[in-house]
Amino acid sequence: NSFVTRTNTCGELRSAHVGQKVTLYGWVQYQRQGLFLVLRDFHGLTQVIIPQDEAHSHVKELLSRAPVESVVRVTGTVAPRPLGQENPKMPTGDIEVKAETAEILNSCKKLPFEIKDFIKKSEALRMQFRYLDLRSSRLQSSLRLRSRVVMRMREFLCNLHGFVDVETPTLFKRTPGGAKEFLVPSREAGKFYSLPQSPQQFKQLLMVGGLDRYFQVARCYRDEGSRPDRQPEFTQIDIEMSFVDQAGIQRLVEGLLQHSWPEERGSIMTPFPSMTYEEALAEYGTDKPDTRFGMKIVDISDVLRGSNIHFVQNALSYPHGSLRAICIPQGVRYLSNKDLESLKESAKSQFNQEIMEIIRRPDGSLKSLLTKFLGEKEQSELIQALNMQEDDVVLLAAGEHKQVCSTLGALRLLSANLLEAAGLALRDPTAFHFLWVVDFPLFLPKAENPTELESAHHPFTAPHPSDASLLYSDPTKVRSQHYDLVLNGNEVGGGSIRIHSAELQRFVLEKVLKEDSEVLSHLIEALEFGAPPHGGIALGLDRLISLIVDAPSIRDVIAFPKSFRGRDLMGNAPDYVTPEELEPYHIQVSWPLEEKEAKKN
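Residues numbered from 1 in each chain as written. Predicted model: local features only at pLDDT ≥ 70, side-chain atom pairs only at ≥ 80, totals over all residues. Heavy atoms only, no water.

- An unreviewed UniProt entry lists the protein chain under the name SYDM protein, with Thryothorus ludovicianus as the source organism.
- The protein chain has a UniProt comment under Sequence similarities (unreviewed entry) that states "Belongs to the class-II aminoacyl-tRNA synthetase family. Type 1 subfamily." (UniProt positions renumbered as here; feature names shortened; annotations may be inferred.)

### Quick notes on a nonpolar patch on the surface
1) Next: A cluster of nonpolar side chains, contributed by Tyr131, Phe560 and Met570, occupies part of the molecular surface with about 310 Å² of accessible area.
2) Next: Examined against the element boundaries, Met570 turns out to sit in the loop between helix H17 (541–548) and helix H18 (579–582). (Patch = residues over 30% accessible without salt bridge, like charges linked within 9 Å, V, L, I, M, F, W, Y side chains within 5 Å. Areas by Shrake-Rupley, 256 points an atom, 1.4 Å probe, with all protein chains shown as cover. Salt bridge = Lys/Arg side-chain N within 4 Å of Asp/Glu carboxyl O. Helix = DSSP H or I, 4+ residues; strand = E, 2+ residues; numbered from the N terminus.)

### Details of the sheet that holds strand E13 (residues 321–328)
1) Next: Ordered in space as E12-E13-E16-E14-E15, the five strands form an open sheet in which the pairing is antiparallel. Lying at the two open borders of the sheet, with one neighbouring strand each, are strand E12 (298–299) and strand E15 (366–367).
2) Next: Across two bridges, strand E14 (residues 356–360) lies against E15 in antiparallel orientation. Bridge pairing in E15 places Arg360 opposite Leu366. (Pairing = 2+ DSSP bridges.)

### Regarding empty space enclosed by the protein
In this approach the atoms are scanned with a rolling probe the size of a water molecule, which exposes any empty space left behind.
1) Next: Inspection of the entire model under this criterion finds two cavities of 30 Å³ or more.
2) Next: Counted by class, the lining of the largest cavity contains five nonpolar, no polar and two charged residues.
3) Next: Roughly 30 Å³ of internal volume is contained in the second largest cavity.
4) Next: In terms of lining, the second largest cavity is formed by Leu442, Phe443, Ser455, His458, Pro459, Thr461 and Val508.
5) Next: Tallied by class, residues from the lining of the second largest cavity come to four nonpolar, three polar and no charged. (1 Å grid on protein atoms, 1.4 Å probe; cavity = no way out; pocket = protein on both sides within 12 Å on 5 of 7 lines; lining within 4 Å. Points joined across faces, edges and corners; volume = space filled by probe spheres on them. Nonpolar A, V, L, I, M, F, W, Y, C, P; charged D, E, K, R; others polar.)

### Focus on the sheet that holds strand E2 (residues 36–41)
1) Next: In spatial order, the strands read E1-E2-E3-E5-E4; together these five strands close into a barrel with mixed pairing. Ignoring which end each strand starts from, the neighbouring axes of this sheet average 55° apart.
2) Next: Taken together, the 10 bridges between strand E4 (residues 71–80) and strand E5 (residues 95–106) define a ladder with antiparallel strand orientation. From the neighbouring strand, Thr75 faces E5, where its bridge partner is Thr101.
3) Next: Along the sheet face, helix H1 (residues 57–64) touches strand E1 (21–32), E2, E4 and E5 and points at about 70° away from the line of E5. (Axes fitted to C-alpha atoms, helices over the stretch in contact; angles between N-to-C directions. Contact = heavy atoms within 4.5 Å.)

### A look at the packing of helix H11 (residues 337–351) against helix H13 (residues 401–421)
1) Next: In contact at an axis separation of 10 Å, H11 and H13 are set at 145° when each is read in the N-to-C sense. By crossing handedness, the relation of H11 to H13 is classed as right-handed. Of the residues in H13, those in contact with Asp339, Leu343, Ser346, Ala347 and Phe351 of H11 are Gln403, Ser406, Thr407, Ala410, Leu411, Leu414, Ser415 and Leu418.
2) Next: For the contact of H11 with H13, the residue count by class is seven nonpolar, five polar and one charged. (Left-handed = near helix turned anticlockwise from the far one by under 90°.)

### A short note on the packing of helix H4 (residues 137–161) against helix H6 (residues 246–260)
1) Next: At a minimum axis distance of 8 Å, the contact between H4 and H6 shows a crossing angle of 130°. Between H4 and H6, the angle falls in the class oblique. Taken as a pair, H4 and H6 cross one another with a handedness that is right-handed. Along the contact surface, H4 presents Val149, Arg152, Met153, Glu155, Phe156, Leu157 and Leu160, while H6 presents Leu252, Gly255, Leu256, Leu257, His259 and Ser260. (Parallel < 35°, antiparallel > 145°, perpendicular 65-115°, else oblique.)

### Re the pattern of salt bridges
1) Next: Under the criterion given, the structure shown has 36 salt bridges.
2) Next: Among the ionic pairs, Glu103 bridges to Arg73, the shortest N-O distance being 3.5 Å. In this pair, Glu103 sits in strand E5 while Arg73 sits in strand E4, placing the two residues 30 residues apart along the sequence.
3) Next: Residue Arg73 is classed as buried on the basis of its relative accessible area, which comes to 17%.
4) Next: Across the salt bridge formed by Arg292 and Asp290, the nearest N and O atoms sit 2.7 Å from each other. (Buried < 20%, exposed > 50% of the residue type's maximum accessible area, 1.4 Å probe, protein only.)

### Some details on the environment of Leu134
1) Next: Position of Leu134 among the secondary structure elements: in the loop between helix H3 (130–133) and H4.
2) Next: Residue classification places Leu134 among the buried residues on the basis of a relative accessible area of 15%.
3) Next: Linking Leu134 and Glu510, residues 376 residues apart in sequence, is a C-alpha distance of 49 Å.
4) Next: With residues near it in sequence (within four places) discarded, Leu134 still touches Leu139, Gln140, Leu143, Ala559 and Phe560.

### Focus: the side chain of Gln505
1) Next: You can see Gln505 is positioned in helix H15 (residues 502–512).
2) Next: The residues contacting Gln505, other than those within four sequence positions of it, are Pro459, Phe460, Ile499, Ile524 and Leu527.

### Structural notes on the nonpolar core
1) Next: The biggest cluster of nonpolar side chains holds 50 residues, and the ones touching the most others in it are Leu257 and Leu485.
2) Next: The biggest single contributor to this core is H4, with six residues.
3) Next: Aside from chain neighbours lying at most four places away, what touches Leu257 is Met153, Ile268, Phe272, Phe434, Leu485 and Leu544. (Core = buried A, V, L, I, M, F, W, Y, C linked by side-chain atoms within 4.5 Å.)

### So, the packing of aromatic side chains
1) Next: For the structure on display, the rule yields 10 aromatic pairs.
2) Next: Here the aromatic rings of Trp261 and Phe434 are separated by 5.7 Å at their centres, their planes lie at 75°, and the arrangement is edge-to-face. Within this pair, whereas Trp261 is found in the loop between H6 and strand E11 (274–276), its partner Phe434 is found in strand E17 (residues 434–438), the two being separated by 173 residues in sequence.
3) Next: Members of the aromatic cluster, each reached through a chain of ring pairs, are Trp261, Phe272, Phe432 and Phe434.
4) Next: One residue, Arg427, lies across the ring of Phe293, its end atom 5.5 Å from the ring centre. (Phe/Tyr/Trp six-rings, centres within 6.5 Å; stacked < 30°, edge-to-face > 60°. Lys NZ or Arg CZ within 6 Å of the ring centre and 35° of its normal.)

### Re the layout of surface pockets
1) Next: Approximately 1,200 Å³ is the volume attributed to the second largest pocket.
2) Next: In terms of lining residues, the second largest pocket is bounded by 34 residues, among which Pro574, Asp575, Tyr576, Val577 and Leu582 are the most central.
3) Next: For the lining of the second largest pocket, the elements supplying multiple residues, two or more each, are strand E7 (183–185) and H18.
4) Next: The element contributing the most residues to the lining of the second largest pocket is H18, with three residues.
5) Next: Looking at the lining of the second largest pocket residue by residue, the classes come out as 17 nonpolar, six polar and 11 charged.

Laid out in structure tokens, this is it:
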């Protein structure tokens, strides 16, 4: 209570304070028939007894007519609650404050929604009145936990390990590859700044500058349009180190998370397990596996290789042909026919992949369109390979390896959701399973033109030392020194060892990616002036905190988030500006015809 005029917060009074005169400030949470009210601040709740005697009639009138969510000051004496009226659910439930004087500091008009966590409100309404939504205990708790985690991270990095906290520019220039960047006009005709999608180039330049260890709670910007649970501006814990290898970065991050992890969420064990990209894809169908539950993808190619099933033989005849399956435990009991059809339809619509189902009956036999093509030996081997139990359902896919794995990976997660909705406990909501995914490909074929390559992550990632020679002969086979940190099936961090050779960086940009290296001439030139080997990582703070507090969306751990479409519904941004305001930037807006008509009207 330093620096303020209250004597106590609304969450700290106990039986030991009985008899003390106190001054409390807060919001009226609840008022009952002019007898008492509950006062709330960021620390908790206190019951205030409204005086009923004539001498304090003005106090009674004032507090009785104070609308809910009005801000009031109350001075009074702490008293024990009458026997039998204690409230064990409230930390202050043994006491009450008998009001003597009061003042309404600001009356509240009619609310657009009740400030209670259990009251359902549309997200649009919550974001329009975000300052009211911020009063909810859930948002308050999440933002305060976020603040504590960041403070502990800063302490670990700066105080314990010698990192330097450096603010990097927000106005910069376009970076080739990666996410789309927001453009900011300048007063030089035709010239624009870009808002950086990350401080990537600056942190590398800081290593060239000899800072050795850099850290920043960095604001980043990506113009990704309407993507679910993404924000156009977000925050990452940005880290870079000189003279470090992949294992060193991983140990640092494990120590950082262990040090900053909230005590109330239990402890996390280190070192985190690690898995290659190829292993993750083969067993989970994704590069961000949720390892809290099984249902791994199983390769059954060898089991059915000798069968006479046409689509199986057709799939296995291709160079990357594969036959794989997942086993859904107790699928017969928990999934309806409609559920199974929806899973197959999802595979068809999203991946253009046909799915075959196999059910194990209570008598141990198999039910499927395939069984008539399979002998007893093949059926037995299939049951063994998939560890099928009674009432299990197997989903089988045949085709190109990556497509098959991706399809089954998506079905694995959809099946888990359906099983849990039907009452089967599969994923522990209190468990935190961290995982490192390593050995990603350095380059991927472009979606719009598969004959050309793009960086799997960004063009500054160094190739795996074992694959360095392949860079010049077959770059598609080069693994990278990139690493992702995954938590419960969500990517919460990504980083790499960087290219510190100007010659290699120029080759990657010009020869492999066919990019104009002139755009990055400042960085390439810097690498020619004695750049140390270096690497780093960025942790997505919003995503990490949302997983820690089990929030449904990252918007629930950001004070003032944007909507799904990237709009600020509270301040109505982005907004129009006048032609006069655009003139210094040499910009004219060309309106689509329908918008011209709408503006006229």
